[in-house]
Amino acid sequence: VPEGFVVTKVANDRLVHDSFCMTIDALGRPIVSGPNYIKTLIDDNQDGVFDRDIVWSTMPKQGAQGLWAEGRTIYFVGDGGLWQSEDKDGDLVADPSPKKVIELPTGGEHDTHAIRRGPDGYWYFVAGNFANNIAKLQNDPNAPVPKPRAGTLWRMSPDFKTKAVWAHGMRNCYDFDFLPDGQIVTFD
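Residues numbered from 1 in each chain as written. Predicted model: local features only at pLDDT ≥ 70, side-chain atom pairs only at ≥ 80, totals over all residues. Heavy atoms only, no water.

Asker: Looking at this model, I keep getting lost on the overall build of the protein chain. Mind explaining?
Answerer: A count of helices and strands for the protein chain gives 0 helices and 14 strands. Overall, the protein chain shows an N-to-C arrangement of helices and strands of β-β-β-β-β-β-β-β-β-β-β-β-β-β. Whereas a compact globule of 188 residues would reach a radius of gyration of roughly 16 Å, the protein chain reaches 17 Å, a difference of no more than 12%. Referenced to the eigenvectors of the C-alpha coordinate spread, the extents of the protein chain come out at roughly 55 × 45 × 30 Å. Here the protein chain holds 188 residues, and the buried ones make up 45% of them. A sequence separation of at least 24 residues applies to 41% of the contacts in the protein chain between residues at least 6 apart. (Helix = DSSP H or I, 4+ residues; strand = E, 2+ residues; numbered from the N terminus. Rg over C-alpha atoms; globule rule 2.2 N^0.38 Å. Buried < 20%, exposed > 50% of the residue type's maximum accessible area, 1.4 Å probe, protein only. Contact = heavy atoms within 4.5 Å.)

In structure tokens, the structure reads:
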């Protein structure tokens, strides 16, 4: 690792078996997902190593390929859509009946992946080049990319109703983030 950096194992396979997605909640706790689980990692003694987990949900079956936490709500991509899952009592366990916000192609390596709230308050997500029929979601007449092809980056209104492709031509962008000036960076 570069000078000044240290790598420390903070969770073992017992806590995060086959995990492939992570986000951070409002209190700085990692939320991880793998097949049949979304869970929050807890460091009881504040030593920087996680001691236990609290299972938020046993959904999605194949694991979330995108996670975003906002207050007591987690948004996740999996099981055929973007889902909103709430914890109204603060016990880090999802209340029953998550809500499917929109249908999306999920479960495959080149399907829909990361979800983020942008600095402008809009939602953004990426989809790989095998996300069949995803272009039909586009309903914004002012979309910068009117006829998307291959992997795509999407922007959705805060209420999830207006959807537009903002970039395309990628193969299988799995994740992305925003630079301090608002520009989006991704990798393939």
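From this point, things continue past the structure.
Asker: Help me understand the packing of aromatic side chains, please; the structure alone is not making it clear to me.
Answerer: The relation between two aromatic rings is expressed through the spacing of the ring centres and the mutual angle of the planes. According to the stated counting rule, one finds 8 aromatic pairs in the structure shown. Ring centres 6.2 Å apart and planes at 10 degrees place the aromatic pair phenylalanine 76 and tryptophan 83 in the stacked group. An identical accessibility class is assigned to phenylalanine 76 and tryptophan 83; each is buried. With a centroid separation of 5.3 Å and an interplanar angle of 20 degrees, the aromatic rings of tryptophan 123 and phenylalanine 160 are classed as stacked. Pair noted here: tryptophan 123 is in strand β10 (residues 123-127) and phenylalanine 160 is in the loop between β11 (151-156) and β12 (163-170), with a separation of 37 residues, a long-range link. On the basis of relative accessibility, which here comes to 0%, the residue tryptophan 123 falls in the buried class. The class of phenylalanine 160 is buried, set by a relative accessible area of 11%. Site record: aromatic cluster; members linked through ring pairs are Tyr124, Trp166, Phe176 and Phe178. (Phe/Tyr/Trp six-rings, centres within 6.5 Å; stacked < 30°, edge-to-face > 60°.)

Asker: I'm lost on unusual backbone geometry in this one. Help?
Answerer: Peptide bonds are mostly trans, and most non-glycine residues show a negative phi. Here the bond from methionine 59 into proline 60 is cis, since omega is 0 degrees, no more than 30 degrees from zero. With a phi angle near 65 degrees, leucine 92 is a residue other than glycine that sits in the positive phi range. If you trace the backbone, leucine 92 turns up in the loop between β7 (81-86) and β8 (99-103). For leucine 92, a relative accessible area of 12% gives the class buried. If you check the backbone angles, alanine 150 has positive phi at about 65 degrees while not being a glycine.

These figures capture arrangement, not role.
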